[in-house]
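Residue strings, one per chain:
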Amino acid sequence: SDILAEAVKGAAAHPRPEGIQFAYGTAGFRDKSTILDPVLYRMGLLAALRSKAKKATVAVMITASHNPEPDNGVKLVDPMGEMLEESWEEHATDLANAKDEDIGSALQRIIDAVDIDISLPSDVFVARDTRPSGPPLTQALLDGLKVMGSTFTDFGILTTPQLHYLVRCHNSKGAYGEPTEEGYYKKLAQAFLKLRKDGAKKKYEPVVIIDGANGVGALKTRKLQSHLHESLRITVCNDGSSGKLNEKCGADFVKVQQKPPAGLEIQPGQRCVSFDGDADRVVFFYVNKDGVFNLLDGDKISTLIAGYLGELVSASGLQLNIGVVQTAYANGSSTRYLEDVMKVPVSCAKTGVKHLHHKALEFDVGVYFEANGHGTVLFSDQAEQKIKAASQDDSLESSKREAATRLTLMMDLINQTVGDAISDFLVVETILSTRDWAAEDWNMQYRDLPSRLLKIKVKDRTAVQTTDAERCATAPAGLQEAINKLVAKYQQGRSFVRPSGTEDVVRVFAEADTQANADMLAHEVSVQVY
Ligand code: 16G
Ligand code: ZN
């Protein structure tokens, strides 16, 4: 058709270099920004098709999250703010690798495979993080949308979760909130302020320092601040005014290095928060009076949230099951604490948000977090209806109604589309304030086991294959047996290996009773992988 011919013609301005293979991985396409122009053009074409196929607005986010500033990336977002349906990842890879002159036939293959009516309209929301490569890559994307005759809205710089929120609001006709950036701040701030109980606090102090990773999270937190009316005193550091994006700062740096980011002046006990480069991950930390760094990662966050939501559900008298979803990277202490002390069912999913998200849908209230700080809570439609009904049921005891009302506010505060650093941060602040806890009280819920993460360059990382949510290696032959033997030597030992989905390496994880033992176990296992 005409459109396909136009798409081929348009590729002349976005030629595909020879010899590079792109793959739509766990986080979309990610690479050096200098080679991504043809990928962005092609993702413009694909986003238009996706919108036609779903008969709804879809979104495209341009970001490389926690990766270095010269990198960039692109991922598609489905109409309700979910990640792109898995079956389309292949279409994305196929199109990204199509030679310029083959774009028409690549598009035709997708149109046939999915049975898309190409004459339908399409509409796409677009946003990017603060990377300097963002604007030209956006142009390439818009070129792709234009040749497809698609309408679009370019929101400029947003956090990834803000874009997920916007597309969901738009497609659910306002039922999820107002589809504007201001609407996002208003929704969160209103819920946060209503959940805030004033009154004397002994331990909780409404004062935090935020490490914005020199990225979009810092800018957007500043915008949120005025909506919070002094209820929380936030100092935003690493706001991009001097430092480089993700350089010696941000959630990934803090989690991997197990130390505070550059650019912060911290008093003992002071609660600090680190966002990543596109503000979909968050970790907390503090330094105690002896100068020891303490990290409160995704596992601590999910334990805190599941505990509080569990209490509210009990207090409301509603019959709703709560579960937590983790990955193999979750600290063993957190899993034990959830199962043995809190009596909350825990399931383990493969690494990558889509896998956790999927499993969390199995519960009425599903809390999912990766240890790295990406996570959120999902409420089933049925749970949502029950909670709302209870909050308005005058025949209920007032304590039950009040608990249900707090649950409705928590649902508003939580960005259910995807992990959201700003939203998760406000959720944690709400719970700490309600419990009158300092960071140290939160940290005392359970003590993390020491762990070590190594990455190993190998000839072919696909030689390592896993099963049981990545906890058991099925190839190469003999590897798992060797790991089992090593693990057995250590108190509270646990170790697994998996091929990375984002880098050409194999990752080795180990935990044990002491840091020295965790280090040794990780080292011994990595020797088996070479
Ligand atoms: C991606 C995933 C993240 C995961 C990481 C693992 C999304 C949106 N992001 O960044 O959740 O922790 O990959 O990377 O799913 P790895 O496979 O290199 O260890
Ligand atoms: Zn991110």
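Since the model is a prediction, treat every value here as computed from it, not as a measurement.

The rules behind these values
Residues numbered from 1 in each chain as written. Chains lettered and ligands numbered in written order. Predicted model: local features only at pLDDT ≥ 70, side-chain atom pairs only at ≥ 80, totals over all residues. Heavy atoms only, no water. Helix = DSSP H or I, 4+ residues; strand = E, 2+ residues; numbered from the N terminus. Rg over C-alpha atoms; globule rule 2.2 N^0.38 Å. Buried < 20%, exposed > 50% of the residue type's maximum accessible area, 1.4 Å probe, protein only. Contact = heavy atoms within 4.5 Å. Areas by Shrake-Rupley, 256 points an atom, 1.4 Å probe, with all protein chains shown as cover. Donors = N, O, S within 2.8 Å, 3.2 Å for Na, K, Ca; no water. Tetrahedral: all angles 85-135°; square planar, octahedral: opposite > 155°, others 65-115°. 1 Å grid on protein atoms, 1.4 Å probe; cavity = no way out; pocket = protein on both sides within 12 Å on 5 of 7 lines; lining within 4 Å. Points joined across faces, edges and corners; volume = space filled by probe spheres on them. Nonpolar A, V, L, I, M, F, W, Y, C, P; charged D, E, K, R; others polar. Lys, Arg positive; Asp, Glu negative; His and termini not counted. Salt bridge = Lys/Arg side-chain N within 4 Å of Asp/Glu carboxyl O. Pairing = 2+ DSSP bridges. Right-handed = clockwise from strand over helix to strand, strands pointing away.

A. Here's a closer look at the overall build of the protein. Scanning the protein from terminus to terminus reveals 18 helices and 19 strands. A compact globule built from 530 residues would reach a C-alpha radius of gyration of about 24 Å, and the protein, at 23 Å, matches this within 12%. Its C-alpha atoms give the protein principal-axis dimensions of roughly 70 × 60 × 45 Å. With 530 residues in all, the protein has 58% of them scored as buried. Here the analysis covers contacts within the protein between residues at least 6 apart in sequence; of these, 70% occur between residues at least 24 apart. Put simply, the protein shows about 21,700 Å² of open surface, and 50% of that area lies on carbon and sulfur atoms.

B. Just the side chain of Lys354, in detail. Mapping Lys354 onto the fold places it in helix H12 (residues 353-360). Setting aside residues no more than four positions away along its own chain, Lys354 makes contact with Glu86 and Glu89.

C. Structural context of the coordination of the zinc ion (ligand 2). Looking at the zinc ion (ligand 2), the protein donor atoms are Ser65 (OG), Asp276 (OD), Asp278 (OD) and Asp280 (OD), and they sit 2.0 to 2.1 Å from it. One can describe the site at the zinc ion (ligand 2) as irregular: its four donor atoms subtend angles covering 86 to 171 degrees at the metal. Considered as a linear motif, the donors of the zinc ion (ligand 2) on their single chain read S-x210-D-x1-D-x1-D. Taken together, the positions of Ser65 in the loop between strand S2 (58-62) and strand S3 (71-77) and Asp276 in the loop between strand S8 (272-275) and strand S9 (282-287) put the pair 211 residues apart, joining distant regions of the chain. For Asp276, a relative accessible area of 0% corresponds to the buried category.

D. Structural context of empty space enclosed by the protein. Scanning the model with the defined rule gives two cavities of 30 Å³ or more in all. Each pocket or cavity is described by its volume, and for the largest cavity that value is around 70 Å³. In terms of residues, the lining of the largest cavity owes the most to one element, S3, which gives three residues. Tallied by class, residues from the lining of the largest cavity come to five nonpolar, three polar and three charged. Lining the second largest cavity are Tyr165, Tyr176, Tyr184, Lys187, Leu188, Asp412, Ile414 and Asn415. In terms of residues, the lining of the second largest cavity owes the most to one element, helix H7 (residues 181-195), which gives three residues. The residue inventory of the lining of the second largest cavity, partitioned by class, reads five nonpolar, one polar and two charged.

E. Fine view of the side chain of Arg406. Assignment of secondary structure puts Arg406 in helix H14 (residues 398-413). Despite being buried, Arg406 has no salt bridge partner; Glu402 is the closest side chain of opposite charge, sitting 6.6 Å away. Non-local contacts of Arg406, meaning those with residues more than four positions away in its chain, are made with Leu195, Lys197, Tyr308, Leu312, Thr430 and Thr434.

F. Here's a closer look at the pairing of strand S6 (residues 207-211). Most of S6 is tucked away, with four of its five residues classed as buried. As judged from the five bridges shared by S6 and strand S7 (residues 233-237), these two strands associate in the parallel manner. Among the inter-strand pairings, Ile210 is bridged to a residue of S7, identified as Val236. Crossover handedness for the path S6 to helix H8 (residues 216-225) to S7: right-handed. Looking at chain direction, S6 and S8 are connected through three bridges and run parallel.

G. Here's a closer look at the pairing of strand S14 (residues 375-379). Along S14, five of the five residues are buried, which leaves the element largely enclosed by surrounding structure. Alternating positions in S14 separate into two faces, Gly375, Val377 and Phe379 on one and Thr376 and Leu378 on the other, with burial throughout. Taken together, the five bridges between strand S13 (residues 365-369) and S14 define a ladder with antiparallel strand orientation. Following the sheet pairing, Phe369 is matched in S14 by Gly375. Where S13 folds back on S14, the antiparallel hairpin that results is connected by five residues, among which Gly373 adopts a positive phi of roughly 105 degrees.

H. Region of the structure containing the layout of surface pockets. Looking at the second largest pocket, its volume works out to about 820 Å³. Lining the second largest pocket are 34 residues, with Glu82, Arg168, His357, Leu361 and Gln416 sitting closest to its centre. Those elements giving two or more residues to the lining of the second largest pocket turn out to be H12, S14, helix H13 (381-391) and H14. Of all the elements, H12 adds the most residues to the lining of the second largest pocket, at six residues.

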